[in-house]
Amino acid sequence: MNEPLASRSAPTAARLPPGRLAIEPVVAALVADGLLAPKEAEHARASARHVRGLDAVHPLVLLANLKLPSAQRPGSELGLEALTEWLAAASGRPYLRIDPTKIRVGEVTDLVSHAYARRHRILPVEVLADRVRVATSEPLAVDWVADVQRLLRREIELVVANPLDLHRYTMEFFGVTRSVRGAHADGDKATAAPSFEQLVELGRAGDVNADDHHIVNIVDWLLQYAYEQRASDIHLEPRRDVGRVRFRIDGVLHKVFEMPPAVMTAVVSRIKVLGRMDLAERRRPQDGRIKTRSPGGREVEMRLSTMPTAFGEKCVMRIFDPDTAFKSIEQLGFDAGEAATWQELTGRPHGIVLVTGPTGSGKTTTLYSTLKRLATSDVNVCTVEDPIEMIAPELNQMQVHHAIDLGFAQGVRTLLRQDPDIIMIGEIRDLDTAQMAVQASLTGHLVLSTLHTNDAPSAITRLLDLGLPHYLIASTLNGVLAQRLVRTLCPHCKVPRPPSPEAWHALLPGPHPPPVPASANGPVGCLECRNTGYLGRVGLYELMPVSALLRARIRPDMELAGFARAAVGEGLRTLRMAGAEKVAQGVTTVEEVLAVLPPAE
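Residues numbered from 1 in each chain as written. Predicted model: local features only at pLDDT ≥ 70, side-chain atom pairs only at ≥ 80, totals over all residues. Heavy atoms only, no water.

A word on the overall build of the protein. Within the protein one finds 23 helices and 18 strands. When burial is assessed residue by residue, the protein has 53% of its 601 residues classed as buried. Contacts in the protein between residues at least 24 apart in sequence constitute 65% of all its contacts with a sequence separation of at least 6. As displayed, the protein has an accessible area near 27300 Å², and 52% of this comes from carbon and sulfur atoms. Separation of charge centres in the protein, based on 68 positive and 70 negative side chains, amounts to 3 Å. (Helix = DSSP H or I, 4+ residues; strand = E, 2+ residues; numbered from the N terminus. Buried < 20%, exposed > 50% of the residue type's maximum accessible area, 1.4 Å probe, protein only. Contact = heavy atoms within 4.5 Å. Areas by Shrake-Rupley, 256 points an atom, 1.4 Å probe, with all protein chains shown as cover. Lys, Arg positive; Asp, Glu negative; His and termini not counted. Charge placed at Lys NZ, Arg CZ, Asp CG, Glu CD.)

Structure follows, in structure tokens:
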């Protein structure tokens, strides 16, 4: 659990009275502290008189909803977070922005009952050896503290949290815990989850019913929760004693929840039902899809993959948010020169354009964003994918089915009869697919596809290794884009911090490295970025148009190092150079760039 922010200096105004907060003393204290003008205070009091059930509404929520102007910051409003920070300072308590991914839900909900937490507007957020940290929106109503200290035999450390966050997470955490316990109780009546240690049980479906209302609640909560936390993947991992749920956020995995094995098995079964997968088959990997909606009501796709492990089926759900999958060239991280070159390459009427990089480097996002821009009303764009990762109404998308011998090569052969202008091939994996891509480009089509290589020049040797003749590569390949994703520094807390000369030299080795950039920034960590120092990711790009000089160097016995040097001579900006530019611009750090780059030659 992250340490809360230190409380600000207490206001000089008269203290708020002990007990539950009321609108009148809160307004008076805000005026005394100079946060609220007397005229606006009268407006707040008048508005409060017309609120039904005023006792049930937290005074800070009421004031925040009125959107009152701040007397200290002209042009800005007194928002709920600002009011909560003020209340923390006024009460002499630390302020805490609740990060739900850092809370051990099962542990904290065991300490007090749901009814008790709601009645006193409290939520335990961390259990330590000698004390329990409890978030509250009523820091002056502390008559419950002595009783809870005596019951738990630990000191209570109070922190002040946003009343809406507190209410929401109290409802969610106790709700999901109640569902897990209910499902676990049902599961005790059934056989435990099949595992490596119980091979004789593999054919039996003895687990909690996937349609049980507890399991439905847990799955619904998980999907919505993952979306709200900007997770790109959900991992459900069974273990002998307790299964765990992890979210991948900005490329890093965070453990967010634990549940008993029987409940984990039922949750995976529920997800398999939603993804139209074979519920009875647990010994083979399976793939599926879920279409759900974000909290805002937009449609979100999820790709599912299950895998048998020693303790049951592991399930990974990859979330494809339309806002993430379809971006402008500028949002992807291209600079002006790269964007112009990329648009020129993908605007040609025929030829092959490849995007390379490891899994998770953003190739799919780049291709979908490019295709969405190219798919105008007078162009026929067709794709063959394995699997279709994002449904786009502008595209004609075909799914690979190996069970019926419909692979990439067969798919491209079919697409060529569909009068396409642009063809996207999910991945060139073998010679047949590569030959069909060449055939499509030679017959006047623009072909976009992906490869798994470390950098742009390596794509040439990869095609040669597949068995494609060098003269066909030279005549059809327009260009190659290699890319990586790096975490970007949190804009709320980053500070000027040039990298050390040693780190800078590791990024740009050579006898004469450029000077260390004074404009670089470093991470700190704050509430917005979960104290990681990083928030979001951006692309690093190595864009290599295949010029006449480079075409002439494509030969069966081509030396990769020499070809790469020639590409740099033609103006290629390598991934290292792109990373160094992002560091110099203060966008990311040397450590982040080095973590995703291939080792220096």
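Moving on, there is more to tell.
Let us look at the pairing of strand β3 (residues 155-160). With respect to burial, β3 is a largely interior element, 5 of its 6 residues being buried. The sheet contact formed by strand β2 (residues 131-136) and β3 spans 6 bridges and is parallel. Within the sheet, the bridge partner assigned to Val-134 lies in β3 and is Leu-158. (Pairing = 2+ DSSP bridges.)

Turning our eyes to something else, we now look at the packing of helix α1 (residues 23-32) against helix α2 (residues 38-49). Where α1 contacts α2, the axes come no closer than 10 Å and their chain directions differ by 170°. The orientation of α1 relative to α2 falls into the category roughly antiparallel. Every residue of α2 that contacts α1 at Ile-23, Glu-24, Val-27, Ala-28 and Val-31 is listed here: Pro-38, Ala-41, Ala-44, Arg-45 and Ala-48. For the contact of α1 with α2, a count of residues per class yields 8 nonpolar, no polar and 2 charged. (Axes fitted to C-alpha atoms, helices over the stretch in contact; angles between N-to-C directions. Parallel < 35°, antiparallel > 145°, perpendicular 65-115°, else oblique. Nonpolar A, V, L, I, M, F, W, Y, C, P; charged D, E, K, R; others polar.)

Ranked by size, the top nonpolar core spans 62 residues in total, and within it Leu-236, Val-245, Phe-247 and Val-267 carry the most contacts. Top contributing element to this core by residue count: helix α9 (residues 213-228), with 9 residues. Apart from the residues within four sequence positions on either side, Val-267 is in contact with Ile-215, Ile-218, Val-219, Leu-222, Leu-236 and Met-259. In terms of nonpolar packing, the next biggest core, distinct from the first, is built from 57 residues, Ile-425, Ala-437, Ala-459 and Val-583 among them. (Core = buried A, V, L, I, M, F, W, Y, C linked by side-chain atoms within 4.5 Å.)

Attention now moves to the pairing of strand β11 (residues 381-385). By the criterion of burial, β11 is predominantly enclosed, with 5 of the 5 residues buried. Residue alternation in β11 divides its side chains into two sets, Val-381, Thr-383 and Glu-385 and Cys-382 and Val-384, and both sets are buried. Pairing of β11 with strand β12 (residues 396-399), which is carried by 4 bridges, proceeds in the parallel orientation. Its bridge partner being in β12, Cys-382 is matched across the sheet by Asn-396.

Time to look at the UniProt feature "domain: Bacterial type II secretion system protein E" (unreviewed entry) in the protein. Mapped onto this structure's residue numbering, the UniProt feature "domain: Bacterial type II secretion system protein E" (unreviewed entry) falls at residues 416-430. This span, residues 416-430, is 0% helix and 27% strand, and a straight line between its end C-alpha atoms measures 19 Å. (UniProt positions renumbered as here; feature names shortened; annotations may be inferred.)

When we look at burial in α1, the residues that qualify are Ile-23, Val-26, Val-27, Ala-29 and Leu-30. Seen from one end, α1 has its buried residues packed into an arc of 165°, which puts them on one side. As for α1, its buried residues are in contact with α2, α3 (59-65) and α4 (80-91). Backbone geometry just downstream of α1 places Gly-34 in the positive-phi region, at approximately 80°. (Arc of directions from axis to C-beta.)

Once that is clear, we can look at unusual backbone geometry. One can expect most non-glycine residues to show negative phi and most peptide bonds to be in trans. Look at Arg-121: it is not a glycine, yet its phi comes out positive at around 55°. Take Arg-121: it is sitting in the loop between α6 (114-120) and β1 (122-127). According to the relative accessible area criterion, Arg-121 is buried, its value standing at 16%. Backbone geometry places Arg-230, a non-glycine residue, at a positive phi of 60°. Relative to the helices and strands, Arg-230 is located in the loop between α9 and β4 (231-237). For Arg-230, a relative accessible area of 38% puts it in the partly exposed group.

Take the sheet that holds strand β15 (residues 477-489) next. Two orientations exist for strands paired in a sheet by backbone hydrogen bonds: parallel and antiparallel. In spatial order, the strands read β12-β11-β13-β14-β10-β15-β18; together these 7 strands make up an open sheet with mixed pairing. The sheet is open, and its two edges are formed by β12 and β18 (534-545), each paired on a single side. The sheet shows a mean angle of 20° between the axes of neighbouring strands, taken without regard to direction. Pairing between β11 and strand β13 (residues 422-425): 4 bridges, direction parallel. By the bridge assignment, Val-381 is partnered in β13 with Ile-422. Across the face of the sheet, helix α15 (residues 408-415) comes into contact with β11, β12 and β13 while running at roughly 160° to β11.

With that settled, consider the packing of α15 against helix α16 (residues 431-442). For the pair α15 and α16, interaxial distance at closest approach is 8 Å and the crossing angle is 20°. By the angle class used here, α15 and α16 are roughly parallel. Both α15 and α16 take part in a crossing whose hand is left-handed. Of the residues in α16, those touching α15 at Phe-408, Ala-409, Val-412 and Arg-413 are Asp-432, Thr-433, Met-436 and Ala-440. Considered class by class, the residues forming the contact of α15 with α16 number 5 nonpolar, 1 polar and 2 charged. (Left-handed = near helix turned anticlockwise from the far one by under 90°.)

One pass over the structure, following the stated rule, counts 30 salt bridges. Across the salt bridge formed by Lys-255 and Glu-258, the nearest N and O atoms sit 2.9 Å from each other. Close ionic contact of Glu-344 with Arg-348 constitutes a salt bridge, the shortest N to O distance being 3.0 Å. Among the residues examined, Arg-348 registers a relative accessible area of 25% and is labelled partly exposed. Each of the salt bridges in this network shares a partner with another, and the network as a whole consists of Glu-126, Asp-130, Arg-131, Arg-133 and Glu-157. (Salt bridge = Lys/Arg side-chain N within 4 Å of Asp/Glu carboxyl O.)

The subject of this paragraph is the side chain of Arg-576. Position of Arg-576 among the secondary structure elements: in helix α22 (residues 575-584). Although Arg-576 lies buried, it forms no salt bridge, and the closest oppositely charged side chain, Glu-542, sits 8.4 Å away as judged by the N-O distance. Of note is the side chain of Arg-576, whose polar atom sits 3.3 Å from the backbone oxygen of Ala-506. Setting aside chain neighbours within four positions, we find Arg-576 in contact with Ala-506, Leu-507, Leu-508, Pro-509, Leu-594, Leu-597, Pro-598, Pro-599 and Ala-600. (Polar contact = N/O pair within 3.5 Å; in protein donor to acceptor, adjacent residues only side chain to side chain.)

Here the focus is the sheet that holds β2. Spatially, the 3 strands line up as an open sheet ordered β1-β2-β3, and their pairing is mixed. At either margin of the open sheet sits one strand with a lone partner, and together these are β1 and β3. In this sheet, adjacent strand axes meet at a mean angle of 30° when their direction is disregarded. Of the strand pairs in this sheet, β1 and β2 are connected by 5 bridges, and their pairing is antiparallel. For Leu-123, the partnering residue across the bridge sits in β2 and is Ala-135.

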